[in-house]
Amino acid sequence: MSTEPAASGQTVAQGQPVASARPAAVSVAGVGKVFASRKGTDVTALEAVDLTIAPGEFVSLIGPSGCGKSTLLRLIADLDTPTSGSIEVFGKTARQARIDQAYGIAFQQAGLLPWRTVRANIELPLELHKVGKADRAARSSELLALVGLSDFADKYPDQLSGGMQQRVAIARSLAESPGLLLMDEPFGALDEMTRERMQTELVRICAETGAAVVFVTHSIPEAVFLSNRVVVMSPRPGRIRDIIAVDLGRAEGRDEGLREADGFFEAVVAVRESLHGESAGAPAARGVDIR
Amino acid sequence: MTRTGSPLGRRVLLGVLGVVVLAAVWELYKALGPATGVMIGDLTVLPRTSDLAMPHVWDMVARLFRPVRSAGDDEMMWQAVLEASFFSLGVAAVGWLVGVGVGMLLAILMQRFRTAESALLPWIVLSQTVPLIAIAPLVKRWGSQIEIGEFSWENWMSVALIASYLAFFPVSIGALRGLESPDVNHVELMRTYSVGWWATLIRLRLPASVPYLLPALRLAAANAVIGTVVAEVSIGLRGGIGRMIVEYAAAAGGDPAKPWAPIFGAVVVGLLAAGVVALIGLALTRYRRGETPA
Ligand SMILES: Nc1ncnc2c1ncn2[C@@H]1O[C@H](COP(=O)(O)OP(=O)(O)OP(=O)(O)O)[C@@H](O)[C@H]1O
Ligand SMILES: [Mg+2]
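Residues numbered from 1 in each chain as written. Chains lettered and ligands numbered in written order. Predicted model: local features only at pLDDT ≥ 70, side-chain atom pairs only at ≥ 80, totals over all residues. Heavy atoms only, no water.

Asks: Before we move on, can you summarise the overall build of chain B with the specific residues and values?
Replies: Across its full length, chain B holds 10 helices and four strands. Scanning chain B from its N terminus toward the C terminus, one meets helices and strands in the order α-β-β-α-α-α-α-β-β-α-α-α-α-α. Across its three principal directions, the C-alpha atoms of chain B cover 75 × 55 × 45 Å. By element, 70% of the accessible surface of chain B is carried by carbon and sulfur atoms, the whole surface being about 16400 Å². Within chain B, the 19 negative side-chain charges are centred at a point lying 10 Å from the centre of the 23 positive side-chain charges. (Helix = DSSP H or I, 4+ residues; strand = E, 2+ residues; numbered from the N terminus. Areas by Shrake-Rupley, 256 points an atom, 1.4 Å probe, with all protein chains shown as cover. Lys, Arg positive; Asp, Glu negative; His and termini not counted. Charge placed at Lys NZ, Arg CZ, Asp CG, Glu CD.)

Asks: Report on the overall build of chain A, specifying residues and quantitative values.
Replies: For chain A, the helix and strand inventory stands at eight helices and 10 strands. Residues classed as buried in chain A amount to 50% of the 291 residues present. Excluding contacts between residues fewer than 6 apart, the proportion of contacts in chain A whose partners are at least 24 apart in sequence is 72%. When the accessible surface of chain A is summed, it comes to about 12500 Å², and 51% of that surface belongs to carbon and sulfur atoms. (Buried < 20%, exposed > 50% of the residue type's maximum accessible area, 1.4 Å probe, protein only. Contact = heavy atoms within 4.5 Å.)

Asks: Hey, could you go over the sheet that holds strand S3 (residues 58–62) of chain A for me, with residue numbers and the actual values?
Replies: All names here are of chain A. Taken together, the six strands give an open sheet; going across it, the order is S6-S7-S8-S3-S9-S10, and neighbouring strands pair in mixed fashion. Since the sheet does not close on itself, it has two edges, and those belong to strand S6 (103–106) and strand S10 (239–245), each with one partner. Averaged over all adjacent pairs, the angle separating strand axes in this sheet is 15°, with direction ignored. Here S6 pairs with strand S7 (residues 180–184) via four bridges, running parallel. Its bridge partner lying in S7, Tyr 103 is registered against Leu 180. Its contacts with the sheet put helix H1 (residues 69–76) on S3, S6, S7, strand S8 (212–216) and strand S9 (229–234), and the angle it makes with S7 is roughly 150°. (Pairing = 2+ DSSP bridges. Axes fitted to C-alpha atoms, helices over the stretch in contact; angles between N-to-C directions.)

Asks: Give a detailed account of the pairing of S3 of chain A, specifying residues and quantitative values.
Replies: Residue and element names in this part refer to chain A. Of all five residues making up S3, five are buried, and the element is well covered by its neighbours. Side-chain alternation along S3 places Phe 58, Ser 60 and Ile 62 on one buried face and Val 59 and Leu 61 on a second face that is also buried. Two elements, S3 and S9, share four bridges in a ladder whose sense is parallel. Among the inter-strand pairings, Leu 61 is bridged to a residue of S9, identified as Val 231.

Asks: Account for the interface of chain B and chain A, naming residues and giving values.
Replies: Between chain B and chain A, the contact holds 18 residues from the first and 25 residues from the second. Around 2100 Å² of area is buried between chain B and chain A when both sides are counted, 56% of it from carbon and sulfur atoms. A per-residue breakdown of the area chain B buries against chain A is headed by Tyr 193, Arg 203 and Arg 289 of chain B, which together make up 32% of the total. Here chain B is connected to chain A by three salt bridges. In this structure, Asp 78 of chain A and Arg 191 of chain B form a salt bridge, with 3.9 Å as the shortest nitrogen-oxygen distance. (Buried area = accessible area lost by both parts, 1.4 Å probe. Salt bridge = Lys/Arg side-chain N within 4 Å of Asp/Glu carboxyl O.)

Asks: Tell me about the site of ligand 1, residues and numbers included.
Replies: All names here are of chain A. Near ligand 1 the following residues occur: Phe 35, Val 43, Ala 45, Ser 65, Gly 66, Cys 67, Gly 68, Lys 69, Ser 70, Thr 71, Glu 185 and His 218. In this structure, Gly 66 approaches ligand 1 through a main-chain N or O atom, which is 2.9 Å from an oxygen atom. A distance of 2.7 Å is found between an oxygen atom of ligand 1 and a side-chain nitrogen or oxygen belonging to His 218. Within the residue set of the shell around ligand 1, elements represented by two or more residues are strand S2 (43–53) and H1. (Near = heavy atom within 4 Å. Polar contact = N/O pair within 3.5 Å; in protein donor to acceptor, adjacent residues only side chain to side chain.)

Asks: Got a sec to walk through the packing of aromatic side chains? Specific residues and values, please.
Replies: If you walk through the whole model with that rule in mind, you get six aromatic pairs over all chains. Ring geometry for Phe 58 of chain A against Phe 215 of chain A: centres 5.7 Å apart, planes inclined by 45°, an arrangement best described as tilted. Taken together, the residues Phe 58 of chain A in strand S3 and Phe 215 of chain A in strand S8 connect sequence positions 157 residues apart. We note that Phe 58 of chain A, like Phe 215 of chain A, is buried. Relative to Phe 215 of chain A, the ring of Phe 187 of chain A has its centre 5.8 Å away and its plane inclined at 55°; by these criteria the two rings are tilted. Placement of Phe 187 of chain A in the loop between S7 and helix H6 (192–209) and of Phe 215 of chain A in strand S8 is noted, with a sequence separation of 28 residues between them. Members of the aromatic cluster, connected to one another through ring pairs, are Phe 58, Phe 187 and Phe 215 of chain A. A cation over an aromatic ring shows up here: Lys 258 of chain B above the ring of Tyr 248 of chain B, its NZ or CZ 4.6 Å from the ring centre. (Phe/Tyr/Trp six-rings, centres within 6.5 Å; stacked < 30°, edge-to-face > 60°. Lys NZ or Arg CZ within 6 Å of the ring centre and 35° of its normal.)

Asks: Give me the pattern of salt bridges: which residues, what numbers.
Replies: Applying the stated criterion across every chain, the model contains 20 salt bridges over all chains. Note that Arg 229 of chain A and Glu 57 of chain A form a salt bridge whose closest N and O atoms lie 2.5 Å from each other. Taken together, the residues Arg 229 of chain A in strand S9 and Glu 57 of chain A in the loop between S2 and S3 connect sequence positions 172 residues apart. The pair Arg 229 of chain A / Glu 57 of chain A is uniform in exposure class, with both members buried. For Arg 139 of chain A, the salt bridge is made with Glu 142 of chain A, and the minimal N-O distance between the two is 2.7 Å. Here Glu 142 of chain A and Arg 139 of chain A lie together in helix H4 (residues 133–146), a separation of three residues that amounts to about one turn. Of the residues examined, Arg 139 of chain A reaches a relative accessible area of 18% and is grouped as buried. Linked through salt bridges whose partners overlap, the residues forming this network are Asp 78 and Arg 98 of chain A together with Arg 191 of chain B.

Asks: Which residues make up the sheet that holds strand S4 (residues 84–89) of chain A, and what are the values?
Replies: All names here are of chain A. A sheet is described by the order of its strands in space; here four strands give the open sequence S2-S1-S4-S5, paired in antiparallel fashion. The strands lining the two open edges of the sheet, one partner per strand, are S2 and strand S5 (92–93). When S4 meets S5, the two strands line up antiparallel, connected through two bridges. Within S5, the residue paired with Glu 88 across the bridge is Thr 93. Strands strand S1 (26–35), S2 and S4 of the sheet are contacted by H1, whose axis makes an angle of about 120° with S1.

Asks: Could you give an account of a nonpolar patch on the surface, naming the residues involved and the relevant values?
Replies: All names here are of chain B. There is a patch of nonpolar side chains on the surface, built from Val 61, Phe 65, Met 76, Trp 78, Leu 82, Phe 86, Val 268 and Leu 272 and spanning about 690 Å² of accessible area. Those elements that place two or more of their residues in the nonpolar patch are helix H3 (77–112) and helix H10 (260–283). For the nonpolar patch, the element with the highest residue contribution is H3, accounting for three residues. Secondary-structure assignment places Leu 272 in helix H10. (Patch = residues over 30% accessible without salt bridge, like charges linked within 9 Å, V, L, I, M, F, W, Y side chains within 5 Å.)

Asks: Just give me the short version of the domain arrangement of chain B, but keep the residues and values in it.
Replies: Residues and elements named next belong to chain B. For chain B, the domain assignment lists domain 1 (31–67) and domain 2 (79–288). Taking only C-alpha atoms into account, the centre of domain 1 sits 34 Å from that of domain 2. Opposite the nine residues of domain 1 that make contact, domain 2 presents nine residues. Approximately 720 Å² of surface area, both sides summed, lies buried where domain 1 meets domain 2, with 74% of it carried by carbon and sulfur atoms. Where domain 1 packs against domain 2, one counts one salt bridge. A salt bridge links Arg 63 to Asp 255; its shortest N-O distance comes to 2.8 Å. Joining domain 1 to domain 2, the criterion identifies one residue pair in polar contact (both at pLDDT 80 or more). Among the residues making up the side of domain 1 that touches domain 2, the classes are represented as five nonpolar, no polar and four charged. (Domains from an automatic or database assignment. Nonpolar A, V, L, I, M, F, W, Y, C, P; charged D, E, K, R; others polar.)

Shown next, in the form of structure tokens:
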């Protein structure tokens, strides 16, 4: 099922990036994941998941708590291995992609190293991969400007607000200009205002870097605002229920005004209905914001 | 309560105040306490207040500025005590360094290999239940059999070895806790950077272990000093504060303030050792951000 709300108030309507001969950013084929437990009660976290994400495409994963969003993200990041099926990132195995630093990652907690300054935190992956000092400094200055924290380069994480820490984490995930960004509820701990500002910034950053994004969230408006496609998942076992294309115009054109546009609301409604799924009328799926 | 945050001057002032209060309590009890001491049944819980058992504070201090043997023209007591203190401090420092090195190595080994942890940890804990008095003669005997070319084992090395034996324990336990302290989040981040165990150790585990390591280093320093003083006595090493305490105690009858001089020396050694560790802590301030005072 796919809904295509009309873009309104936007200049150019162009949803997905042009498909090219390049391999898909992420290609998930028939993936299942079973967590074995000692008591013999195995948990099937994912079952028969198929998903292809084009280079430069922004895809959100949404679904009730425990439906396997984080698990899917961790499989793509090769932090865990699938029980069945295969995952390719830019045509390579997930493992090879991790070794080649094909992706950058940001978690719900910023996860900055408290003994490093903001700048040193951003430079961490570069330092680990033996990038020269001058190049590191140039790159981190660039990224600091990108996330608007140039004045805080020499501060330590504990001197920053939660939102600022999250921006540092995003800058760090962009340090090596990855073609793919993996984000697991990066704005989950932020207040609504900061969250909306961060979303706008993320859209701008993605447009500037041209990276594909897999973005896990609990918020329907967030998913709709950010994404080219929203993947709705259902729990027990975790499966993809629907993939909803959101056609809200070019990334560069997205701004706060978009949140009031008709197309935005239509997409929100479509995602919400899909989330409720067959069990319409039942109480809202736990863990999902329906605002 | 004043905690780590207070400025240096204030902490020094508090330290001095503590010494003054201690001296005042000493003199107060000496003046007011019963001459026979306080007994519960046959047990003496507070000492007798005679000049023999509890010399006046000023007598003890004044004794430092008289020659070692009251009659002779020896060097001043404080000089002799200071020399012995530095000798013991040197031995304790060697013991501390060896202990810290061994403790860190063991901790890293245990962090790296789960099996090493389950194989080593019980022995490390058990090692500390062996009384010092029991191992001192053994160490001395084994040491005396070591002679490799120019190198021959000396008594002070036995003392340092025993000091290190006491010092390595808190370091190995503290460092292990510290090395295992990073969040899963951080460890997985390093994995996404596909760096190996070594880089993770240097960039993540070691820096993260600092807040756990510093108290361990302090404990190790205290243990090394105590180990040195006690081992000097049991091994019979001359020149240090331990031997001095025993020798002077014999003179207590005619010169009750004399045995207290090397005890002050031992306190000085302890303070210097603690000071060095505090300096190390100062140098590592960056790694202690967000540290909650234990
Ligand atoms: N390491 C693990 N061992 C065992 N079971 C696990 C493990 N990780 C996840 N699971 C199980 O897999 C299922 C999916 O977990 P996952 O964390 O992917 O959910 P999620 O969609 O990210 O949920 P949330 O929205 O709450 O973050 C859950 O039922 C969980 O209990
Ligand atoms: Mg999750």
